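# Fold and geometry: a report
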Amino acid sequence: MYSNNVVTESGDTFIPASQRPDGTWRKARRVKEGYVPQEEVPLYESKGKQFMNKNTKPEPVKLSTGETAHRPIPGLFIIEDKEKKQPKKKNKKVEEVTKQLENTTISEKTKDTPAQTDPAKKLKNLKKRLREVEALEEKLKNGLIPKPEPEQLTKIQRKNDLLMQIRELEKQIG
């Protein structure tokens, strides 16, 4: 029960009348048994926040296997290894590899060797490009393209090269 509440002879509980900061008066209010004013209600704190606010260190737990573990979070057991407490020594192989990596330089890859592709796949690609060139020529003849772009004109000029490459690949395949 709130300490400033007044209990009458009949057992009713009242919050007495009080003066506001601006000088006006609040009426006395009747409240139920066990009423706690809002100012005195503790703020809600989640389980995680309560756990984090605990300043006690987790006690070591003895497992059934005989190992010692810590529980920083409920349900989580961290087993201490005696081997892990000692600082690790660097492996000689690791040191050698790191030295080699320090001495390596990175450069751009040059195109000395063309990519090895399947001749049939390359032939199919060349035929597709040839069809595109022929379609472009047809559009120019019909006047569908009034001002061809320079890229379109260079594409048309490469038609003979495409035909030569197609013939070479057909000889290779067949």
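Here the structure is shown first, and the text comes after it.
The sections below set out a description of the structure shown in this document. Remember, it's a predicted structure, so these values are computed and weren't measured experimentally.

Calculation rules
- Residues numbered from 1 in each chain as written.
- Predicted model: local features only at pLDDT ≥ 70, side-chain atom pairs only at ≥ 80, totals over all residues.
- Heavy atoms only, no water.
- Axes fitted to C-alpha atoms, helices over the stretch in contact; angles between N-to-C directions.
- Helix = DSSP H or I, 4+ residues; strand = E, 2+ residues; numbered from the N terminus.
- Parallel < 35°, antiparallel > 145°, perpendicular 65-115°, else oblique.
- Left-handed = near helix turned anticlockwise from the far one by under 90°.
- Contact = heavy atoms within 4.5 Å.
- Nonpolar A, V, L, I, M, F, W, Y, C, P; charged D, E, K, R; others polar.
- Expected span 1.5 Å × (residues − 1).
- Buried < 20%, exposed > 50% of the residue type's maximum accessible area, 1.4 Å probe, protein only.
- 1 Å grid on protein atoms, 1.4 Å probe; cavity = no way out; pocket = protein on both sides within 12 Å on 5 of 7 lines; lining within 4 Å.
- Points joined across faces, edges and corners; volume = space filled by probe spheres on them.
- Arc of directions from axis to C-beta.
- Patch = residues over 30% accessible without salt bridge, like charges linked within 9 Å, V, L, I, M, F, W, Y side chains within 5 Å.
- Areas by Shrake-Rupley, 256 points an atom, 1.4 Å probe, with all protein chains shown as cover.
- Salt bridge = Lys/Arg side-chain N within 4 Å of Asp/Glu carboxyl O.
- Lys, Arg positive; Asp, Glu negative; His and termini not counted.
- Charge placed at Lys NZ, Arg CZ, Asp CG, Glu CD.
- Pairing = 2+ DSSP bridges.

Attention shifts here to the packing of helix 4 (residues 119–142) against helix 6 (residues 159–173). At their nearest, the axes of helix 4 and helix 6 sit 10 Å apart, and the two run at 150 degrees to each other. As judged from the angle between their axes, helix 4 and helix 6 are roughly antiparallel. Crossing geometry of helix 4 relative to helix 6 is assigned as left-handed. The residues of helix 6 that touch helix 4, namely those facing Pro-119, Ala-120, Lys-122, Leu-123, Leu-126, Lys-127, Arg-129, Leu-130, Val-133, Glu-134 and Glu-137, are Lys-159, Leu-162, Leu-163, Gln-165, Ile-166, Leu-169, Glu-170, Gln-172 and Ile-173. Split into classes, the residues belonging to the contact of helix 4 with helix 6 amount to 11 nonpolar, 2 polar and 7 charged.

On to helix 4. Its 24 residues place the ends of helix 4 35 Å apart at the C-alpha level, agreeing with the 34 Å of an ideal helix rising 1.5 Å per residue. Among the residues of helix 4, Leu-123, Leu-126, Leu-130, Val-133 and Leu-136 are the ones counted as buried. Looking at the buried positions of helix 4, the neighbouring elements they touch are helix 5 (150–157) and helix 6. In the segment just after helix 4, Gly-143 is the residue with positive phi, at about 80 degrees.

Attention now goes to the layout of surface pockets. Size it by volume and the largest pocket reaches roughly 280 Å³. Ile-15, Ser-18, Arg-26, Arg-29 and Glu-39 are the residues nearest the centre of the largest pocket, which is lined by 13 residues in total. Split into classes, the residues belonging to the lining of the largest pocket amount to 6 nonpolar, 3 polar and 4 charged.

Taking 1.5 Å as the rise per residue, helix 6 with 15 residues should run 21 Å; its terminal C-alpha atoms sit 21 Å apart, in good agreement. What helix 6 keeps buried is the set Lys-159, Leu-162, Ile-166 and Leu-169. Burial along helix 6 is one-sided: seen end-on, the buried residues are contained in an arc of 90 degrees. Among the exposed residues of helix 6, those oriented more than 90 degrees off its buried face are Asn-160, Glu-168, Lys-171 and Gln-172. Buried positions along helix 6 lie against helix 4 and helix 5.

Before going further, it helps to spend a moment on the packing of helix 4 against helix 5. In a pair of packed helices, the angle between the axes and the distance between the axes together describe the arrangement. Remark: helix 4 packs on helix 5, axes separated minimally by 9 Å, with the N-to-C direction vectors making an angle of 120 degrees. The angle between the axes of helix 4 and helix 5 places the two elements in the oblique class. Judged by the twist between their axes, the crossing of helix 4 over helix 5 is left-handed. From helix 4, Glu-132, Val-133, Leu-136, Glu-137 and Leu-140 reach across to helix 5, where they touch Gln-152, Lys-155 and Ile-156. Taken together, the residues of the contact of helix 4 with helix 5 sort by class into 4 nonpolar, 1 polar and 3 charged.

Glancing now at a positive patch on the surface. Residues Lys-121, Lys-124, Lys-128 and Arg-131 make up a contiguous surface patch of positive charge. Here Arg-131 shows up in helix 4. Looking at Arg-131, the relative accessible area reads 53%, which means it is exposed.

As a further point, take the sheet that holds strand 4 (residues 61–62). Spatial ordering of the open sheet is given by 4-5-6, a layout of 3 strands whose pairing is antiparallel. Here the strands that pair on one side only, and so sit at the sheet edges, are strand 4 and strand 6 (78–79). Across 2 bridges, the pairing between strand 4 and strand 5 (residues 68–70) is antiparallel. Residue pairing in the sheet places Lys-62 in a bridge with Thr-68 of strand 5.

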